[in-house]
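So you can see what is in the structure, the chains are spelled out below.
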Amino acid sequence: MSTPSIYDVIVVGLGPAGSSAAYEIARAGRSVLGLDRARFPRYKVCGGGVSARLDALAGREYHATVEAAITGITFRYEGREAFTIEGRTPLAYFVMRDRFDAFWADRAAEAGARLCDAEAVLALDETDEHVTVTTASATYRARFVVGTDGALGVATRSLNGSRARRRAYGLEAEVPVGGCPPERRAILEMWAVPGGYGWTFPKARGCSVGIAGFRGADPRPKARFARFASLQPALCDQRLDAVGYPIPVYTPGLSLASARIGLAGDAGHLVDPFFGEGIYYAVWSGQSLGRAVVGQLDAERPDLAAYQRWVEGALYPEFEAAERLAALAYGYPRLWYESMRAHPDVVDWFYGVLRGEIGYRDLWGRLKRHAVRLAPAALARRAAAIFAR
Ligand SMILES: Cc1cc2nc3c(=O)[nH]c(=O)nc-3n(C[C@H](O)[C@H](O)[C@H](O)COP(=O)(O)OP(=O)(O)OC[C@H]3O[C@@H](n4cnc5c(N)ncnc54)[C@H](O)[C@@H]3O)c2cc1C
């Protein structure tokens, strides 16, 4: 394939956001170069949980990479109590990110994108006419750049400099066969860490075990992880080497688009601040940014401002509602836990979000409408637990 002197679009970072954008641009017949600093297939610190609503957004082809599916979740509190609520249909699928991300990248390549791995982007320089993309081995030019290089990449810095950005933290370990929970169910543990939760997610050859904290940095995340893992009987005292990575949660006020550079996925801090789900929003924002760029390629005065408006209209209201849920769930974890136990219908509303039937805004609205019904039972259970001690 000959190298054009200027690409229509360069995509920086080939996670689900970048590959989804590259796919949209390539299938519109435009020239697109995708660059990633890692050699593919590559590991990514992640629980690999994909909510079932991704199917409506991107089809079911990615199911070729799915290792496990769940219809129910076991909720626990401090490793002691537990209850399980089954749903009707699959809520979420679980993947290993090396295979899953390679699937999206291959799909973009098949649509005509040129992809180069093991080539880190060092700098972006935007002028009125184009963007210059500098790597260690080459300098490229493009009419537009899709910035999808994740939480710590260069793209978000190029648009936001040192502007404060919010980050949750996550630690995760993949545990091989023998350590996984016997049932094919996810386990969520409220208050596994202050202001967060812990998870055990099923995989084909084991499980993912991790913690995520949404209420500020924790000075001892590894110790928290070790404590959480020690409370999982199914892990049989295995020694787990957890890897940590920031989770770039929703940060209002960020610049997500200039005239020729747009940010999607983690680079745009498009992770929900309640559950820490980022893959679904990475694919959604990547697709949307890819289409926005295609729409601007022949414009007289190119500008990606419409993409920023789309994020603010479609995603931010969802994240704002998720933030309110987080304040409730992590501020009053015991009450939240008791409410869920006493009201399986409320848990089913949450399952409805995962299935794509409702959004976080609807969920928040329902909670408000039913607050008078929900709170007393939870408070009564809590009082009974205190008196029983
Ligand atoms: C511990 C943990 C657990 C999580 N669990 C879940 C979960 O279960 N479900 C869920 O939905 N989300 C989860 N997330 C969030 C999820 O991993 C991210 O939101 C998702 O990966 C975002 O996709 P992305 O394409 O935006 O970025 P990424 O997947 O991070 O991809 C960015 C790509 O950019 C490349 N890159 C970086 N810098 C450069 C550079 N300078 N030049 C070129 N390329 C570069 C990287 O190599 C990478 O391939 C978790 C996160 C953490 C930390």
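Here, residues in each chain are numbered from 1, in the same order as that chain's written sequence. Where local features are concerned, this predicted model is filtered to residues with pLDDT of at least 70; where side-chain atom pairs are given and counted, the filter is 80 or more; whole-chain, interface and lining totals use all residues. To get the side-chain values, all heavy atoms of the structure are used, and hydrogens and water are removed first.

## Topic: the sheet that holds strand β4 (residues 66-70)
Now for step 1: Should DSSP find at least two bridges between two strands, the strands are regarded as paired. Going along the chain from the N terminus, every DSSP run of H or I of four or more residues is numbered as a helix, and every run of E of two or more is numbered as a strand. Pairing in this open sheet of three strands is antiparallel, and the strands run β3-β7-β4 from one edge to the other. The sheet is open, and its two borders are formed by β3 (49-51) and β4, each paired with just one other strand. The mean inter-strand angle of the sheet, taken between neighbouring strand axes irrespective of direction, is 30°.
Now for step 2: Pairing analysis gives three bridges linking β3 to strand β7 (residues 92-95), with the strands arranged antiparallel. Within β7, the position partnered with G49 by the bridge is F94. To define axes, lines are fitted to C-alpha atoms, for helices over the stretch in contact only, and angles between the resulting N-to-C directions are given on a 0 to 180 degree scale.

## Concerning the side chain of S208
Now for step 1: Relative to the helices and strands, S208 is located in strand β15 (residues 206-213).
Now for step 2: S208 sits in the buried class, given a relative accessible area of 0%.
Now for step 3: Polar side-chain contacts of S208 include one of 3.0 Å to the side chain of W199.
Now for step 4: Every residue in contact with S208, bar those within four places of it in the chain, is listed here: C46, G47, E172, A173, E174, W199, T200, F201 and K203. Three exposure classes are used, based on accessible area relative to the maximum for each residue type with a 1.4 Å probe and protein chains only: buried under 20%, partly exposed in between, and exposed over 50%. Polar contacts here mean pairs of N or O atoms no more than 3.5 Å apart (in protein, one a potential hydrogen donor and the other a potential acceptor; neighbouring residues in sequence count only if both atoms are side-chain atoms). In what follows, a contact means two residues having at least one pair of non-hydrogen atoms within 4.5 Å.

## Quick word on the domain arrangement of the protein
Now for step 1: Residue ranges labeled as domains rest on an automatic or database domain assignment. Examined at the domain level, the protein breaks down into domain 1 (7-48 + 96-165 + 251-303), domain 2 (67-93 + 168-247) and domain 3 (329-388).
Now for step 2: With centres defined by C-alpha atoms, the gap from domain 1 to domain 3 works out at 37 Å.
Now for step 3: Across the contact, five residues belong to domain 1 and six residues belong to domain 3.
Now for step 4: Values labelled buried area give the accessible surface lost by two parts on being combined, using a 1.4 Å probe and summing over both. Across the domain 1/domain 3 interface, buried area totals approximately 470 Å², and carbon plus sulfur atoms make up 71% of it.
Now for step 5: Only one rule defines a salt bridge in this text: a Lys or Arg side-chain nitrogen within 4 Å of an Asp or Glu carboxyl oxygen. Between the two partners, domain 1 and domain 3, sit zero salt bridges.

## Brief notes about the sheet that holds strand β5 (residues 72-77)
Now for step 1: The sheet built from seven strands is open, its strands ordered β6-β5-β13-β14-β15-β12-β16 with mixed pairing. Two strands lie at the open edges of the sheet, namely β6 (81-86) and β16 (243-247), each paired on one side alone. With direction set aside, neighbouring strand axes in the sheet form an average angle of 20°.
Now for step 2: Pairing of β5 with strand β13 (residues 186-190), which is carried by five bridges, proceeds in the parallel orientation. Bridging across to β13, F75 finds its partner in L188.

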